[in-house]
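Secondary and tertiary structure notes
Chain by chain, the residues:
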Amino acid sequence: MNKFCCFLLTSLFALSSCTEAINPDKSDWEEWALTESFCNFCLNPGDVKTYDQADTTYVYRFMKDSSFVKNIGDYVLSGKFQVEENNDNLFLLLNYDEESVLLSRDNPSNRQLIHTCFSGQEYFSWDSEGRLLGSWGACDGPTLIFEKTSDTQSIFF
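Residues numbered from 1 in each chain as written. Predicted model: local features only at pLDDT ≥ 70, side-chain atom pairs only at ≥ 80, totals over all residues. Heavy atoms only, no water.

Re the sheet that holds strand β2 (residues 58-63)
Spatially, eight strands are ordered β1-β2-β3-β4-β5-β6-β7-β8 in a closed barrel, and the strand pairing comes out antiparallel. Adjacent strand axes in the sheet meet at a mean angle of 30°, parallel and antiparallel pairs treated alike. Seen against the sheet, helix α2 (residues 98-106) touches β4 (75-86) and β5 (89-96) and runs at an angle of roughly 115° to β4. (Pairing = 2+ DSSP bridges. Helix = DSSP H or I, 4+ residues; strand = E, 2+ residues; numbered from the N terminus. Axes fitted to C-alpha atoms, helices over the stretch in contact; angles between N-to-C directions. Contact = heavy atoms within 4.5 Å.)

Some thoughts on the pattern of salt bridges
Inspection of every chain in the model, using the stated rule, returns six salt bridges. Here R61 ties to E31 by a salt bridge, and the two come within 3.2 Å at their closest N and O atoms. Placement of R61 in strand β2 and of E31 in strand β1 (residues 29-38) is noted, with a sequence separation of 30 residues between them. On the basis of relative accessible area, E31 is assigned to the partly exposed category, the value being 21%. A salt bridge links R131 to E36; the shortest N-O distance between them is 3.3 Å. With R131 in the loop between β6 (121-126) and β7 (132-134) and E36 in strand β1, this pair connects stretches of sequence that are 95 residues apart. According to the relative accessible area criterion, R131 is buried, its value standing at 16%. With relative accessibility at 36%, the residue E36 sits in the partly exposed group. (Salt bridge = Lys/Arg side-chain N within 4 Å of Asp/Glu carboxyl O. Buried < 20%, exposed > 50% of the residue type's maximum accessible area, 1.4 Å probe, protein only.)

Focus: empty space enclosed by the protein
Applying the stated criterion across every chain, the model contains one cavity of 30 Å³ or more. Empty space within the largest cavity amounts to approximately 50 Å³. Contributing to the lining of the largest cavity are 13 residues, with H115, F124, G134, W136 and L144 lying nearest its centre. Those elements that provide at least two residues to the lining of the largest cavity are β2, β6 and β8 (143-148). No other element matches the three residues that β8 contributes to the lining of the largest cavity. Along the lines of polarity and charge, the residues of the lining of the largest cavity split into seven nonpolar, four polar and two charged. (1 Å grid on protein atoms, 1.4 Å probe; cavity = no way out; pocket = protein on both sides within 12 Å on 5 of 7 lines; lining within 4 Å. Points joined across faces, edges and corners; volume = space filled by probe spheres on them. Nonpolar A, V, L, I, M, F, W, Y, C, P; charged D, E, K, R; others polar.)

Thoughts on the environment of P142
For P142, the location among the structural elements is in the loop between β7 and β8. Given a relative accessible area of 8%, P142 falls into the buried group. Along the primary structure P142 and F38 are separated by 104 residues, whereas in three dimensions their C-alpha atoms are 5.4 Å apart.

Things to note about the side chain of E122
Positionally, E122 belongs in strand β6. Look at E122 and you get buried, because its relative accessible area is 0%. Within the structure, E122 has its side chain in polar contact with the side chain of Y96 (distance 2.6 Å). Non-local contacts of E122, meaning those with residues more than four positions away in its chain, are made with Y60, K70, L92, L93, L94, Y96, L113, I114, H115 and T116. (Polar contact = N/O pair within 3.5 Å; in protein donor to acceptor, adjacent residues only side chain to side chain.)

As for the pairing of β1
Bridge count for β1 against β2 is five bridges, and the pairing is antiparallel. If you follow W32 over to β2, its bridge partner there is Y60. Examined bridge by bridge, β1 and β8 share six bridges and lie antiparallel to one another. The residue of β8 that forms the bridge with A33 is E147.

Some details on the packing of aromatic side chains
Under the counting rule described, the total for this entry stands at 13 aromatic pairs. With a centroid separation of 5.4 Å and 75° between ring planes, the pair formed by F118 and Y123 is classed as edge-to-face. Taken together, the ring pairs connect Y58, Y60, F62, F68, F81, Y96, F124, W126, F146 and F156 into an aromatic cluster. R61 extends its terminal NZ or CZ atom over the ring of W29, reaching a point 3.8 Å from the ring centre. (Phe/Tyr/Trp six-rings, centres within 6.5 Å; stacked < 30°, edge-to-face > 60°. Lys NZ or Arg CZ within 6 Å of the ring centre and 35° of its normal.)

Any functional reading would require information that these geometric values do not contain.
And the structure:
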């Protein structure tokens with residue numbers, strides 16, 4: 001009986017250690033999902049392919065180490081981010097890695113996966129409601145609005 005209890009305790013300890021390695025601490029990242037978009041200056045809004053309504057995923061996951069991952073349907077892009085301040089306003093700058101820039105340019109669905117006026121970068125600002133606003137609308141694309149979905153303390157503020 002003593003050996004069985006020792007085996008059971010060892011097994012439980014080993015399983016709990018594995019679970020922690022597989023599920024990272026949620027305080028190390030936060031996730032933002034697309035909630036709406038609008039187009040003020042698009043000449044032909046139907047021609048701008050940002051995402052397919054059938055896509056179940058359009059999210060950004062930001063990590064404490066300043067890396068990020070962007071999921072649009074089956075596409076995964078990544079890079080590094082930084083928070084910048086200008087005139088007491090905070091801005092989020094995403095710099096995509098080279099592989100993601102190439103994927104955005106040459107993907108089979110012919111979609112623009114990096115939604116920006118600048119090659120390989122995206123800029124965001126926060127509105128008064130705490131939502132992330134994309135800056136693509138400044139160069140005739142739609143304005144994309146994201147809301148935080150993870151229940152964690154913000155890594156930005």
